[in-house]
Structure formats: C-alpha cells, structure tokens
Amino acid sequence: MAPRVSADTAGERPGKLKVFLGAAPGVGKTYRMLDEGRRRLRRGTDVVVAYAECHGRRHTEEMLTGLEVVPRLHRAYRGTKFTELDLDAVLARRPAVALVDELPHTNVPGGRNAKRWQDIDELLAAGIDVVTTVNVQHLESLNDVVEKITGVPQRETVPDEVVRRAHQIELVDMPAEALRRRMAHGNIYQPEKVDAALAHYFRIGNLTALRELALLWVAGRVDETLQKYRSEHGIGTVWETRERVVVALTGGPEGETLIRRAERIADRSSGGDLLAVHVARSDGLAYASPAALAKQRALVESLGGSYHSVVGDHVPTALLDFARAENATQLVLGTSRRGWLSRLLAPRGIGEDTVELSGDIDVHMVTHGRAGRGRRLSIPGRQLPHARRIAGPLAGLVLPFLLTAVLTHIRGPLNLTSEALLFLVTVVGVACLGGVVSALLASLTASLLLNYYFIPPSGEFTITEPNNALALAVFALVAVTVAVLVDRSLRLSRRAASATAEAETLSSMAGTILRGDQGVSVLLERTRETFGMESADLVPRTDQETGADVDGAGLVKVPAGPDLLLVLRGRRLPASEHRVLTAFAAHLAAALDHARLMEAAAEVEPVKAADRLRTALLAAVSHDLRTPLASGRAAISSLRSTDVDFTTVERDELLATAEESLIELNRLVDNLLDMSRLRAGALSLHLQPTAFADVLPLALSTLATTPVRIASRGLAEVCDVLADPPLLERVIANLVTNAVRHSAAAQPVLITASSLGPRVELRVVDRGPGLRPEDRDRIFVPFQRLGDRDNTSGLGLGLALSRGLAEAMGGTLTPEDTPGGGLTMVLSLRAAAAAEPVEAVDPG
C-alpha cells in the first residue's frame, strides 16, 4: 500500500470519499457519478473528471458534456498501449472534487501505485474530495462468495476497509429483471455479447444473489454508523431499526432449546440477527458445563449467529447491558431450573429481575424440559441473599415457639431427651438458613422455651441451676458451630465459583485465538464486550504509567506489554474482574508480538523462497544440461576426428544427435527464461486470434521421436482462441511431452477440443497411472516431478510453466481424471469472438 499523506502534511483537511456501490455491471454507477459531478458543478464547486470509463454507452458519454476532463496518461506494457489515471496531473490541477471511476482497478506496472484506490488515497490526503464507483463482487470479503454464485473469479479486488472509511456510500440498485431488459436493449454490452451475458453472468439467480449481497453489505455499514452514533451520544435506549435477538445461556441442558427458539424468533423478521451470551460472574453458576457451552456455541455459529461471553456480578444487569449495547430488541431466557424449595426461600429469580429491569426490550421466558427440576441454580455469593438474611432471624424466633406449641399437645409419648433433640434440630436448621446471628437468636429462644416448659419444675425459669446453664451453653455452641461451618462452606464455594468463572472467560478468549481470530482489533472488541465497557483501546505507555490504574469516571488502564496500555472506558470494575482483565491484556500483548513476528516472517519468506528456487534450479540444471551437452559434444568431437572415416549415414546420425542435443538445450533455456519472466511479471504477450489446428503441428514438430502415438480430434471445428501463438505452442508441447512420458507405448495420447460458452477447451488425454488428489497442486510447482528420485528426467518446469503461460493469456490449466484411468490436462482459453469477456468488464 502506498503511504498515505496526513492532513497536516497536505496543509489542509483530508478530502472526503463518496462511493457509488452497485450489485452488478450496468446498474448505472458511472452515470450516477457523473450526474453527481454535474450537480456539484451547478452549485459552483470546482469538479473535474479524473477518470471515467463509459464503455461506449451513449447516455453515459452525454453526461460528460460540460465537465472538465483531465487527459489520461498513456503507458505501454507488453507491447500494448493502455490509458490510466494521470495522478500527477490531477494533483497539479487541485480541484475541489475529482470523479474517479472503477475503484478496484489494477494500474499498469510502471506507476508509483499498484491499485487505483491507492491513487485515490493520495488525492484524499491532498484535500481533494473524490467520488468513485465499485461493484459488490470486487469487495475482498465477498470475493469467494461471488465466485461460488457466478462461477467467475474476480481478480481485481479492493479491501473492504477502503470502502468502509468512505464519508458516504450510496447504493445504486436495480431489479434483476430491469437490468436484463437494459442488457437486451443493448444499453450495457454490444449486441454480439448480449446472448452470452444473459445466459451466463446475467442470469436472474446470479443478479438476485448479488443484489442481496449489496443490500446486506450496505445495511451492515449503516448499522455500524448507527452504533457509533449511539455510543458517541450516550444513547442507551433501544432503537428498533433491526431485529436483534439475544439468547441467554447458562451452560445448562436447556441451552439448545433456547437457541433454536431464539433462531425461530429471529427468522420471523428478514435479516434478524441472533446473538448468544453467557454471563460469567464471580459467584459462578451451578452445574455450568464448559463442554455444554462449547456445544451450544457451535450450534449458534452453525445457525449464523454469534457467541459472546461477558463478566458481571448481577446477571440480569449484565444481560440487559449487553443487549442495549448491541441495540437488541428481544431477549430470550429459559424458565427457572430451581426446585420448589429454592423458589420458596428466594421467590425472585434471574428471570423476574430481568423482566422488571428490561424496559423497552421484549423478554421471552421459554419453558423447557428441565424447568423446576434443578437442585439449585446459583451458589451463594459474597453474602447471604437478602431473603435469607430476613428469613433467618424470623425463623429463629418463630420456629421454636411453633415447636413448643406442638410438643405441649403431645407431651405424653416424648421424654425430655427427645424434646431437647427436636429443639436442637430446629436450631441447626435455622443456623443453615440464616447464619451466625440467626443461630444465636434461635439457640437463646429454644433454650429458654425448653427450660420454661419442659425442664422440671415446668412453668418457671431455673437457669440458675448448673445443669440448665450447661444445656443453654450446648445449644449456643452447636448453633454457632453449624453457622460457622455453613459460612466457611459458602466462602469456599464462592472462591471455587469465582475461579470457574475466570477460567471460563479465559477459555473463551483462548478459543478466539485458537480459531484464528488473532487480529488485535478482534481481541479488543472481544475484551470490550466481555467486560461490558463502552470502548477498549491500546495506547502508548508513558514512564509515569507503570501499573494498573482506575479512576472514578470508569477509566481502567492495564499494562499490555512493556510499551502499551489497555484502556477501557465505561463502568468501574470490581477487584474480582481485574485478574481476568490482566490476563486479557497479556493475551493482547502476545497477539501483538505474534503479529510482529508474522510480519518479520513474511518479509523473510520471499528471500527463503528465492533461495529454495535457486538451490533447486542449480541442482536441476547441473543434471539436465549435462546429458544434451555430453551428447552434442561427443557427436561433434567424433565428426572432427580424423582417425575414423565415417560413412554418409553415420555422419548424418552424428549430426542429427548434435542437432537434437542443441534443440533440447534450447528448450531447457527457453523454459528457464520464460519461468523467470513469469516470476518477474515481464513476459511479453501479443494476443491475437489463434487456431488450435494451426498451432498443434508446430508444437508436435518440436518433440523428439516417440513410440507413443498421438491422435487429435475436433481441433478444426472449434473457433479461434485469444492467445499468443508461440506461447500457446510451448504450452501444448509441454502438455503433450508430459502425457507421452507417462503413457504406455500401446496407448495413444489423445488431443481434443470443444467450445464451452465464451471459452474453448483443449484436452490432452493420457492413459498412464493417473494422479492422486493430493498431488494435483504439487505437479504445478517448479522443479517437482512426481515419482522421480533424481533430476535426470527433466527440470520439472513443463507443467508449472504451462500453467503460468495459460494464466498470462487469460486462461486456466487444470487436471482431471481420465475415465478408465489416466490424467487429462484441460487448457481453457477465451474464444476470440469473446475477447472482452463479460466478467472482465466493469462498466459502472
């Protein structure tokens, strides 16, 4: 990428970029661009046409009237003259607005920028506003999707980020039927190309799919802008511009049911998004299975949704904060898994709190097979729940009186020992429910009631007696002991749950890295989302900033390596979350180090590749040149010898041997030179209509005499192809040589030709051992010969050079299995009648 000039360097504000995005060629992008220029010109803006490609369309060319057009730059390449955007002329002219067509265009080698979007970057940096055009199939992120839909590879692409940073993106839309009518009326291509275009690229299905891709991409861009606006203006309310369904996952067995229910809700609105979220909290979640969460995550992603993990002590608040941050409209939760006893002791659960706090977010409570069947939902946290803190002392007062009332009516069957044990059980139960304070209150109440009603003499307090005082002390000791053990159990459970939550969050982060999402921006967004913050950034670290720092405004700073700080803005984080945040910062530092190492490795890789190529070349040449040199030298030495009187036949044989050796040497050198030109991009092409029937005899004449018979069929019936005749001859000769090498002497090599739409295919068929699927790419690597143990059977350049030459001529070379055994090499080239293929033209 060419370096961008900053606005300060340019001495003024950077220019603004406006992009007209279309779904397919012919929707009218160039027309709209020129119309925009005329509109601005009428308002008094200084506008120039830096580059516009009208493709001979009359209505589009008429839009140039009245607009100043900067002359194009003429540049020669491989014997052909091309016209390009004259960047220096536009910079010298310095208009307010420049109209530049075809954003993803690849510049002819020789200029300072490889791509047109890099030229536009320079114009923007110079303070010039730019209006440009692009088709959705040229966006890098959609390139493979478009190829699957249309079957046409797009070799010219533009990074999505270049288009995303545009100040304005305007969709130029047209229904598929209307676009086909424009095509049929000759408003897009010349009449002779219309039928082929309508039958292939411009099918209804293709155009409809491309249109949907364009609409969704623009909708995503609009959504990003909306989210940025809401964040900058602190808007917390939900704007129902697009249905987003958030499903809350606990890691329990009901997760899959909730996910599928949420997916059905999202499907009811076209374009609805599905987001799954799991809250990892410091007090943990009982029976939250990491394996179940991993399985549920895979299910969400298979349904086209996204999985998220956030940290929060209060689950309802964390869920709703996440939903509002994502501008979600609906939240799906499962009904409680708590049993009747848990609901009796704590009637309000997560679902009830979420519904109460939801505001303008719709909450769906979904029933499932595990509802009400769980032993408990949550492990107690830092302190007892509010309901238990109230119920404990109340039970300590009420339950002993209730027990006393019952025992006074059935005093006959029970003795004092049984009555004392029942009071003890009551005290233990209160201790488990309410903690130490409740246990002391219950023990005091129970001991007094036992003393007054059941210890003789009944009806009066005899606590002054040593025996009664001992009973009261035992009650208090048992109650306090039980309460302390319960409290210790709660603290241990809290620590274990906190460790589980931290491990789960870190596991989620590690999973993100293992899946290949190692981009720093991805990890930053993951960090922001996990901790429920408004933003997360990496900033340079100063000498004064040596450790973690938190201020009252919700600004958290954590070291991320020796020279960077991870800065989060939003809420204040509790101490329990800082340990996890520190680990996230360490992951970010490791990701940055990994990125730097990858960049260094990428810089070294070309040197390593060149060294490997040089080593292979020297090893191959040392063998391959030796045989023809030795044969030719021996033949010439024999002819120069005066000791032997050769007959005419023998002299002719020696001359033929010398000639064959020189031809072989010449072929090897030509292959090496052509391969080096291909690698350097300096191969000269002269494409012209060429007939296979004319080239094949010349290609076969360069081959040595072989016992394998060569047959051809259908070459005269196909139309001419667009090719460079000498290079096509070389390709065919290499393919036939390879087929002959692997064919049995009794089996002929067959060469056939056939037409397929705008292309013509040549097949070279052999009946040899065939090719394993895993070797189909290796055969096109230079200096590779499958099955060879040494370098004495050829340089291994034939197929690699053939593919390179085919692609240079706009064709392809692919291997196929021969029915019945063997290998078929398929050479596909453009028909001369379709010299400007539909897929190569971007008419705007």
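For every chain, the first residue of its written sequence is number 1, and the numbers climb from 1 along that sequence. Totals for whole chains, interfaces and linings use all residues, but because this is a predicted model, local features are given only for residues with pLDDT of at least 70 and pairs of side-chain atoms are given and counted only at 80 or more. With hydrogens and water excluded, all non-hydrogen atoms of the structure serve as input to the side-chain values.

A. Up close: the overall build of the protein. Across its full length, the protein holds 26 helices and 24 strands. When the 844 residues of the protein are sorted by exposure, 43% land in the buried category. Note on definitions: a residue-residue contact is assigned when non-hydrogen atoms from the two residues lie within 4.5 Å. Nonlocal contacts in the protein, meaning residues at least 24 apart in sequence, comprise 72% of its contacts between residues at least 6 apart. Accessible area for the protein stands at about 42000 Å²; split by element, carbon and sulfur atoms hold 57% of it. Helix numbering and strand numbering both begin at the N terminus, where a helix is a DSSP run of H or I of at least 4 residues and a strand a DSSP run of E of at least 2. A simple rule labels every residue: compare its accessible area, found with a 1.4 Å probe on the protein chains alone, to the largest value its type can have, and call it buried under 20%, exposed over 50%, or partly exposed in between. For every accessible area listed, the method is Shrake-Rupley and the probe measures 1.4 Å; residues are considered covered only by the protein chains on display.

B. Structural detail: unusual backbone geometry. One non-glycine residue, arginine 94, lies in positive phi territory at about 50°. When you line up the elements, arginine 94 lands in the loop between helix H4 (87–93) and strand E6 (97–100).

C. A nonpolar patch on the surface, seen in detail. Among the surface-exposed residues, Leu394, Leu397, Val398, Leu399 and Leu402 lie close enough to one another that they form a single nonpolar patch of about 430 Å² accessible area. Position of leucine 397 among the secondary structure elements: in helix H16 (residues 386–409). Any residue with relative accessible area above 30% and no salt bridge may belong to a patch, with like charges joined within 9 Å and the nonpolar Val, Leu, Ile, Met, Phe, Trp and Tyr side chains within 5 Å. The rule for a salt bridge is simple: a side-chain nitrogen of Lys or Arg has to be within 4 Å of a carboxyl oxygen of Asp or Glu.

D. Geometry of helix H24 (residues 692–701). Along H24, the positions that sit buried rather than exposed are Phe692, Val695, Leu696 and Ala699. One face of H24 carries all of its buried residues, which in axial projection span an arc of 105°. Among the exposed residues of H24, those oriented more than 90 degrees off its buried face are Asp694 and Ser701. What the arc describes is the spread of directions from the helix axis to the C-beta atoms.

E. Here's a closer look at the packing of aromatic side chains. Pairing of aromatic rings covers Phe, Tyr and Trp, the last counted by its six-membered ring, and requires centre-to-centre distances within 6.5 Å; plane angles under 30 degrees mean stacked, over 60 mean edge-to-face, and any other angle means tilted. What the rule picks out here adds up to zero aromatic pairs. For arginine 72, the ring lying beneath its charged end belongs to tyrosine 51, and the centroid distance is 4.0 Å. Stacked on the ring of tyrosine 51, the Lys or Arg arginine 116 has its end atom at 3.9 Å from the ring centre. We call a charge positioned over a ring when the NZ of a Lys or the CZ of an Arg lies within 6 Å of the ring centre and within 35 degrees of the ring normal.

F. Geometry of a negative patch on the surface. On the surface, a cluster of negative charge is made up of Asp645, Glu650, Asp652 and Glu653. Tracing the chain through its elements places glutamate 653 in helix H23 (residues 648–680). Charge convention: Lys and Arg are scored as positive, Asp and Glu as negative, and His as well as the terminal groups of each chain are ignored. Every charge is mapped onto a representative atom, which is NZ of Lys, CZ of Arg, CG of Asp or CD of Glu.

G. Here's a closer look at the sheet that holds strand E21 (residues 749–756). Whether two strands pair comes down to DSSP finding at least two bridges between them. Pairing is mixed in the open sheet, where five strands are placed in the order E19-E21-E22-E24-E23. In the strand order of this sheet, the two ends are held by strand E19 (710–713) and strand E23 (812–817), each with one partner. Ignoring which end each strand starts from, the neighbouring axes of this sheet average 20° apart. When E19 meets E21, the two strands line up parallel, connected through four bridges. Residue isoleucine 710 lies in a different strand from E21, and its bridge partner there is valine 749. Whenever a helix is involved, its axis is fitted only over the stretch in contact; in every case the axis is a line through C-alpha atoms, and angles between N-to-C directions fall within 0 to 180 degrees. Sitting on the sheet, helix H25 (residues 725–742) touches E19, E21, strand E22 (759–765), E23 and strand E24 (823–830), and the angle it makes with E24 is about 170°.

H. Seen up close, helix H8 (residues 176–184). Along H8, the positions that sit buried rather than exposed are Ala176, Ala178, Leu179 and Met183. Each buried residue of H8 lies within a common arc of 165° when the element is viewed along its axis, so the set occupies one face.

I. Structural context of the pairing of strand E10 (residues 273–280). Burial within E10 is extensive, with seven of its eight residues counted as buried. Strand direction decides the pairing type here: E10 and strand E11 (residues 306–311), joined by six bridges, are parallel. Along E11, the bridge assignment pairs leucine 275 with serine 306.

J. Highlighting the sheet that holds E11. Spatially, E11-E10-E9-E12-E13 is the arrangement adopted by the five strands of the open sheet, whose pairing is parallel. Looking at the sheet topology across the chains shown, the edges are occupied by E11 and strand E13 (362–366). Neighbouring strand axes in the sheet, compared pairwise and without regard to direction, differ in orientation by 25° on average. Along the sheet, helix H11 (residues 255–267) makes contact with strand E9 (244–248), E10, strand E12 (330–334) and E13, crossing E9 at roughly 170°. Strand contacts of helix H15 (residues 350–357): E12 and E13, with the helix running at about 165° to E12, the strand carrying the most contacts.

K. Geometry of the packing of helix H13 (residues 315–325) against H15. Taken N-terminus to C-terminus, the directions of H13 and H15 make an angle of 45°; their axes are 9 Å apart at the nearest point. With respect to H15, the axis of H13 lies oblique. Once H13 is placed against H15, the crossing between them reads as right-handed. Judged by residue contacts, Val315, Pro316, Thr317, Leu319, Leu320 and Arg324 of H13 engage Ile350, Asp353, Thr354 and Leu357 from H15. Under the convention adopted here, Pro, Cys and the residues Ala, Val, Leu, Ile, Met, Phe, Trp and Tyr are nonpolar, Asp, Glu, Lys and Arg are charged, and Gly plus all remaining residues are polar. Among the residues making up the contact of H13 with H15, the classes are represented as six nonpolar, two polar and two charged. Roughly parallel means an angle under 35 degrees; roughly antiparallel means over 145; roughly perpendicular covers 65 to 115; every other angle is labelled oblique. Put simply, a crossing is left-handed when the front helix is turned counterclockwise from the back one by less than a right angle, and right-handed when it is turned clockwise.

L. Spotlight on the confidence of the model for the protein. pLDDT runs from 0 to 100 and stands for how confident the predictor is about each residue. For the protein, per-residue confidence averages 75 on the pLDDT scale, and residues scoring 70 or more make up 71% of the total. Predicted confidence in the protein is weakest over helix H1 (residues 7–10), with a mean pLDDT of 38, and strongest over E6, with 95. Throughout residues 283–287 the model reports pLDDT below 50, and contacts reaching past four residues in sequence, or to other chains, amount to 17 contacts.

M. Molecular detail of the packing of H24 against H25. The interhelical angle for the contact between H24 and H25, taken along N-to-C directions, is 60°, at an axis separation of 8 Å. Classed by the angle they form, the pair H24 and H25 counts as oblique. Read as a crossing pair, H24 and H25 show a hand that is right-handed. Here H24 contributes Phe692, Val695, Leu696, Leu698, Ala699 and Leu700 to the contact with H25, which in turn contributes Pro725, Leu728, Glu729, Ile732, Ala733 and Val736. Of the residues assigned to the contact of H24 with H25, the class counts are eleven nonpolar, no polar and one charged.

N. Representation of the pattern of salt bridges within the structure. The final tally for this structure, using the stated rule, is 20 salt bridges. The partner of aspartate 273 in a salt bridge is arginine 244, and the shortest N-O contact between them spans 3.5 Å. Separated by 29 residues along the polypeptide, aspartate 273 in strand E10 and arginine 244 in strand E9 bring together distant segments of the chain. The exposure class assigned to aspartate 273 is partly exposed, which follows from its relative accessible area of 21%. Judged by relative accessible area, which is 5%, arginine 244 ranks as buried.

O. Examining the environment of leucine 698 more closely. Its place among the elements puts leucine 698 in helix H24. Here leucine 698 falls in the partly exposed class, since its relative accessible area comes to 47%. As a C-alpha pair, leucine 698 and alanine 733 span 35 residues in sequence and 8.7 Å in three-dimensional space.

P. Expanded view of the environment of arginine 165. With respect to the helices and strands, the residue arginine 165 is situated in the loop between helix H7 (160–164) and strand E8 (168–172). Here arginine 165 falls in the partly exposed class, since its relative accessible area comes to 32%.

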